[in-house]
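Chain by chain, the residues:
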Amino acid sequence: MDKHEGREAGTIRLDDPWYDSLAVGWGEGAEPFPPPGPTADRGGPGASDIYLEVQRSAAFQEVRGRYRRFVVPATAGFLLWYVAYVVAATTAPGLMARPVVGSVNVALLAGLGQFLSTFLLTWAYSRHARLRRDSAALDLRWTVFERERGQERTRGGRGEGR
């Protein structure tokens, strides 16, 4: 980034790789960015049209449904377990102080159970993702990639030299 002197001191050049053009001027009374124009002038559907089409597809909805069917019950169960632990610790100190083995009491076992359940839930999530969602999501990614490549080819080959 080049340093500017005088009136331009402290400004960021546009060729700065960390420059976020969408954030510049936000909330500073600057003119908002104009909405993107129609895709007709680009010679076909844009990338956003491809992503919207994929999002509406049955395959994408199936991947999202599999995700929700795992995450919603798992989150609810874990939060219920955590709240039960906190409520028991605050409302039933006698129960939590009850010794189980030597100086190990119910509260210590429940606290260690929180850590164990976190690791088990993480393992279950990664296993579920690997077995039920990753291959379908990869297929969707390749679908988007191929459509974007086909779109670039029809526009005259821009981006093929990468």
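Use the structure listed above.
Residues numbered from 1 in each chain as written. Predicted model: local features only at pLDDT ≥ 70, side-chain atom pairs only at ≥ 80, totals over all residues. Heavy atoms only, no water.

(A) Region of the structure containing the overall build of the chain. Tallying secondary structure elements over the chain gives four helices and two strands in all. Each of the 162 residues in the chain was classed as buried or not, and the buried ones make up 14%. Nonlocal contacts in the chain, meaning residues at least 24 apart in sequence, comprise 57% of its contacts between residues at least 6 apart. A total of about 12,900 Å² of accessible surface is found on the chain, and carbon and sulfur atoms cover 62% of it. (Helix = DSSP H or I, 4+ residues; strand = E, 2+ residues; numbered from the N terminus. Buried < 20%, exposed > 50% of the residue type's maximum accessible area, 1.4 Å probe, protein only. Contact = heavy atoms within 4.5 Å. Areas by Shrake-Rupley, 256 points an atom, 1.4 Å probe, with all protein chains shown as cover.)

(B) Region of the structure containing the packing of helix α2 (residues 58–91) against helix α4 (residues 106–154). Where α2 contacts α4, the axes come no closer than 10 Å and their chain directions differ by 180°. The pairing of α2 with α4 is recorded here as roughly antiparallel in orientation. Of the residues that constitute the contact of α2 with α4, the class distribution is 19 nonpolar, six polar and three charged. (Axes fitted to C-alpha atoms, helices over the stretch in contact; angles between N-to-C directions. Parallel < 35°, antiparallel > 145°, perpendicular 65-115°, else oblique. Nonpolar A, V, L, I, M, F, W, Y, C, P; charged D, E, K, R; others polar.)

(C) The packing of aromatic side chains, seen in detail. Tallying each qualifying case throughout the model produces two aromatic pairs. With centroids separated by 5.9 Å and ring planes inclined at 50°, the aromatic side chains of F70 and Y125 adopt a geometry described as tilted. Placement of the pair is F70 in helix α2 and Y125 in helix α4, with a sequence separation of 55 residues. Taking the relative accessible area as the measure of exposure, F70 reaches 17% and is therefore buried. A relative accessible area of 34% places Y125 in the partly exposed class. Here W142 and F145 contribute two aromatic rings whose centre-to-centre distance is 5.3 Å and whose plane-to-plane angle is 90°, an arrangement assigned as edge-to-face. Of the two residues, W142 and F145 are both situated in helix α4; the distance of three residues between them amounts to about one turn of the helix. We classify W142 as partly exposed; its relative accessible area is 47%. Its relative accessible area of 38% is what places F145 among the partly exposed residues. (Phe/Tyr/Trp six-rings, centres within 6.5 Å; stacked < 30°, edge-to-face > 60°.)

(D) Structural view of the packing of helix α1 (residues 47–56) against α2. Two elements in contact, α1 and α2, have axes whose closest approach is 4 Å; the angle formed by their N-to-C orientations is 65°. In this structure, α1 contributes V54, Q55 and R56 to the contact, and α2 contributes A58, F60 and Q61. Looking at the contact of α1 with α2 residue by residue, the classes come out as three nonpolar, two polar and one charged.

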